[in-house]
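Listed below are the residues making up each chain.
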Amino acid sequence: MDWVKDMTQTKAEDFFVVGNDIADTKADTSLPIEQIWKDRQFHAKLVNPSNRRKLTVIIVGTGLAGGAAAASLGEAGYNVLNFCYQDSPRRAHSIAAQGGINAAKNYRNDNDSVHRLFYDTVKGGDYRARETNVHRLAEVSANIIDQCVAQGVPFARDYGGLLDNRSFGGVQVERTFYARGQTGQQLLIGAYQALERQIHKGAVKMYNRHEMLELIVVDDRARGIVTRDMVTGEIESFTADAVVLATGGYGNVFFLSTNAMGCNTTANWRAHRKGAYFGNPCYTQIHPTCIPVHGDNQSKLTLMSESLRNDGRIWVPKNAADCDKDPRQIREEDRDYYLERIYPAFGNLVPRDIASRQAKYRCDEGRGVGPTVAEIGPDGVERQVRRGVYLDFAEAIGRLGKDAVRARYGNLFDMYAQITGEDPYETPMRIYPAVHYTMGGLWVDYDLSSNIPGLYVAGEANVSDHGANRLGASALMQGLSDGYFVLPNTINDYLGGANLPKVDQDTPEVREAVQGVNDRINKLLSIKGSRTVDSFHKELGNIMWEYCGMDRKEEGLILAISKIRALRDEFYKNVRVTGVGEEFNQTLERAGRLADFFELGELMCVDALHRRESCGGHFRSESQTEDGEALRDDKNFLYVAAWEYTGTSTAPILHKEPLVYKAIELKQRSYK
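Anyway, here's the lowdown on the structure attached to this text. Computed from a predicted structure; not experimentally measured. (Residues numbered from 1 in each chain as written. Predicted model: local features only at pLDDT ≥ 70, side-chain atom pairs only at ≥ 80, totals over all residues. Heavy atoms only, no water.)

## Regarding the overall build of the protein chain
Applicable threshold: Where helices and strands are cited, they refer to DSSP runs of H or I of at least four residues and of E of at least two residues respectively, numbered from the N terminus. The quantity called the radius of gyration is restricted to C-alpha atoms. Its globule counterpart is 2.2 Å times the number of residues to the power 0.38. Accessibility here uses a 1.4 Å probe with only protein chains present; expressed as a share of the type maximum, an area under 20% marks a residue as buried, one over 50% as exposed, and anything in between as partly exposed. We call two residues in contact whenever any of their non-hydrogen atoms come within 4.5 Å of each other. For every accessible area listed, the method is Shrake-Rupley and the probe measures 1.4 Å; residues are considered covered only by the protein chains on display. Counting rule applied: Lys, Arg positive; Asp, Glu negative; His and chain ends not counted. Where a charge lies is defined by one atom per residue type, namely NZ (Lys), CZ (Arg), CG (Asp) and CD (Glu).
Per the secondary structure count, the protein chain includes 17 helices and 22 strands. Taking 2.2 N^0.38 as the reference for a compact globule, 672 residues should give roughly 26 Å; the C-alpha atoms of the protein chain span a radius of gyration of 24 Å, in line with that estimate. In terms of its C-alpha atoms, the protein chain occupies a principal-axis envelope of roughly 75 × 60 × 50 Å. For the protein chain, the proportion of its 672 residues judged to be buried stands at 61%. Looking at the protein chain alone, contacts between residues at least 24 apart form 74% of all its contacts between residues at least 6 apart. Counting every atom, the protein chain has about 25400 Å² of accessible surface; 47% of that belongs to carbon and sulfur. Taking the average location of the 81 positive side-chain charges in the protein chain and that of its 90 negative ones, the two points are 2 Å from each other.

Structure representation (structure tokens):
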């Protein structure tokens, strides 16, 4: 992406070309929003059971979205080919989710409803999500809980045996179902056992340790994928009638994130290069409750569940002189419980983007806690700062008792103690924001179809449901909604009317895709430079965090683009990929993923540069209220930005999908 040559004489518009507006035509928005999903289900084409046995669907990913979709489509009678790069479907990153899953069941009798979950989600996303998709998510949320209970998921229960609930950020009701701090693990096991049943029946064929490296497009339709066997190095092609990508998010473009180290963007980016629009790539979520960075050699960050904010109180010293003290020695009147002070209506349970920015502000003021680290300030001067705030359970332990706190959060406390060597029962946890989730992803319509016919995208890999900020406990809800209830009801519409010809291994497009994968692998192996892949990835991550992280501005984003291009050029001249392609080779795997991260990172900066507003997790310092809150520009940016790939030497094309709000009033967010 080197179409802009002179970075000193540029403006945002130099980095992209504006294309045509696009629209989601699958939802009948003339109907009341409560009727749209029912209407779509009824009017979607059906495939009779005998014909389903003749059709094959490829699903890439075995997390909650992919595993649920594979199990559901297998149960429906389709032939399913399911792929994951892990050694077992159970190791998909959904297993790492901790705090809970939302559903509008109103078990607490606290005035929750489908409409309130819908409203909270749209508001939490700062009015940058599509209304129709979010309402459908709220509608099916209750079914998700019933499905998971039937599978034996051990949700927490109250004394009377009913399912228990707790609160999460951005809401004033208790609608989050949970299994201690292991909710993602328990939900994934439920989906996994349903998937294994279909594998045993022969409806699903499982391919572990296979990484998707290319999308096969024939006659402008998605018809298969190319994979690399990560054990033997064999390059293989697989064809089908439709392809589903459920491959998660791209937070590892920042190198340090809460994602598993294997999480990557390659499946999505390969589809993007084949014509799939990439929606809102700059919408990344910074989670406020993570264990702070503790060294230059760290390879990932650890999330502490947002559920801890139910009982933990977040504070910093009022006086910078107290930051060196043992927190237990700082008097109550000398503590600043800043979230409770600034946002009295929501307190410590404000949305993640707001809590993260306020933590950064306190540390920027010199009131952070923990060890000091060296940072280069906006003036170019190096200074020592502390990047941490306290999450304190002393009040909760005094109110509930240590045993009650241990019953709610014991495994999370144990994890914190093992990582930090500090006992959170005795001294406050130290936390700081870190990259966590990505709201951007491949653009999809109401059916979860990308703009490439036959290519569907589910879960975090798509752009549909969260707008500019995801509320806590909604990732698991969306993944299972897409996999169990949405995709099985919408992919039929395509398969029922496609009447596709057979595609075999000798089809020119298949051979071309396989050759392209081999060429990329050979190119990486032939460079034989002197720098490691991880050194390049870490440098890219530093650029992204500094200029496209929690605070973004025009000159910084332009500088980031120039730095990414220079680093990418050096990568292709000086990276060293050891080993060969025809064997187990993790260095080669990381190099291929990083090559795609370079291109994605630049598009993220271009997207952030073009969006001259602040909304949710996208914060432009030029666009904020007097008290430092995100300031939207609904007149000019009320749309989904869907980017079309045009090559590495030409500008991407920006297609806009206007967002229309009929069921919810468009207004400035307030949690005060």
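This is not the end of the story, as more comes after the structure.
## Some thoughts on the side chain of Arg620
Looking at where Arg620 falls in the secondary structure, it is placed in the loop between α16 (586–610) and α17 (634–637). Take Arg620: its relative accessible area is 3%, and that puts it in the buried class. Not counting the four nearest positions on each side in its chain, Arg620 is found in contact with Arg552, Lys553, Glu554, Leu557, Ala608, Leu609, Arg611, Arg612, Glu613 and Ser614.

## Regarding helix α7 (residues 266–273)
The element α7 is extensively covered by neighbouring structure, given that 7 of its 8 residues are classed as buried. Those residues of α7 that fall on the buried side of the exposure criterion are Thr266, Ala267, Asn268, Trp269, Arg270, Ala271 and His272.

## Comments concerning helix α14 (residues 533–548)
Because the α-helix completes a turn every 3.6 residues, residues three or four places apart line up on one side. The following threshold applies: In a helix, the anticipated span is given by 1.5 Å times the number of residues less one. Comment: arc refers to directions from the helix axis out to C-beta atoms.
Compared with an ideal rise of 1.5 Å per residue, which puts 16 residues at 22 Å, α14 spans 21 Å between its outermost C-alpha atoms and is within 8% of the ideal. The set of residues buried in α14 consists of Val533, Phe536, His537, Leu540, Gly541, Ile543, Met544 and Cys548. Down the axis of α14, the smallest arc covering the buried residues is 160°, so these residues share one side. Those residues of α14 hidden inside the fold are in contact with α15 (554–574) and α16.

## Looking at the packing of helix α1 (residues 33–43) against helix α5 (residues 131–150)
The criterion, for reference: Interaxial angle, 0 to 180 degrees, is taken between N-to-C directions of lines fitted to C-alpha atoms, where a helix line uses only the stretch in contact. Any angle that is under 35 degrees is reported as roughly parallel, and any over 145 degrees as roughly antiparallel; angles of 65 to 115 degrees are reported as roughly perpendicular and all others as oblique. In this count, Pro and Cys sit with the nonpolar residues alongside Ala, Val, Leu, Ile, Met, Phe, Trp and Tyr, while Asp, Glu, Lys and Arg are called charged and the others, Gly among them, polar.
At a closest axis distance of 9 Å, the pairing of α1 and α5 adopts a crossing angle of 80°. As far as their axial angle goes, α5 and α1 are roughly perpendicular. Together, Ile33, Glu34, Ile36, Trp37 and Lys38 of α1 and Glu131, Thr132, His135, Arg136, Glu139 and Val140 of α5 make up the contact between the two elements. Its residues assigned to classes, the contact of α1 with α5 shows 4 nonpolar, 2 polar and 5 charged.

## Things to note about the packing of aromatic side chains
For the record, the criterion: Pairs were defined over the aromatic rings of Phe, Tyr and Trp, the Trp ring being its six-membered one, requiring ring centres within 6.5 Å. Orientation was assigned from the angle between planes: stacked under 30 degrees, edge-to-face over 60, tilted for the rest.
Going through the model one piece at a time under the given rule, you end up with 23 aromatic pairs. Geometrically, the ring pair formed by Phe571 and Phe598 is tilted, given 5.2 Å between the ring centres and 55° between the ring planes. Taken together, the residues Phe571 in helix α15 and Phe598 in helix α16 connect sequence positions 27 residues apart. Aromatic ring contacts, followed pair by pair, group Phe393, Tyr409, Phe413 and Tyr425 into a single cluster.

## Regarding the sheet that holds strand β13 (residues 313–317)
Keep this limit in mind: Two strands make a pair as long as DSSP finds a minimum of two bridges between them.
Read across the open sheet, the 5 strands follow the order β12-β18-β17-β13-β14; overall the sheet is antiparallel. The open sheet terminates on both sides in strands that have one partner only, identified here as β12 (284–290) and β14 (335–336). Where β13 lies against strand β17 (residues 389–392), 3 bridges are found, and the strand directions are antiparallel. Counterpart to Trp315 in the pairing with β17 is Tyr390.

## What about the sheet that holds strand β9 (residues 235–239)?
Where strands meet in a sheet, backbone hydrogen bonds hold them as pairs that are either parallel or antiparallel. In space, the 3 strands of this open sheet follow the order β7-β8-β9, with antiparallel pairing throughout. At either margin of the open sheet sits one strand with a lone partner, and together these are β7 (210–218) and β9. Neighbour to neighbour, the strand axes of the sheet diverge by 25° on average, direction disregarded. In this sheet, strand β8 (residues 221–229) lies alongside β7 in antiparallel orientation, the contact comprising 8 bridges.

Keep in mind these numbers describe shape, not what the thing actually does.
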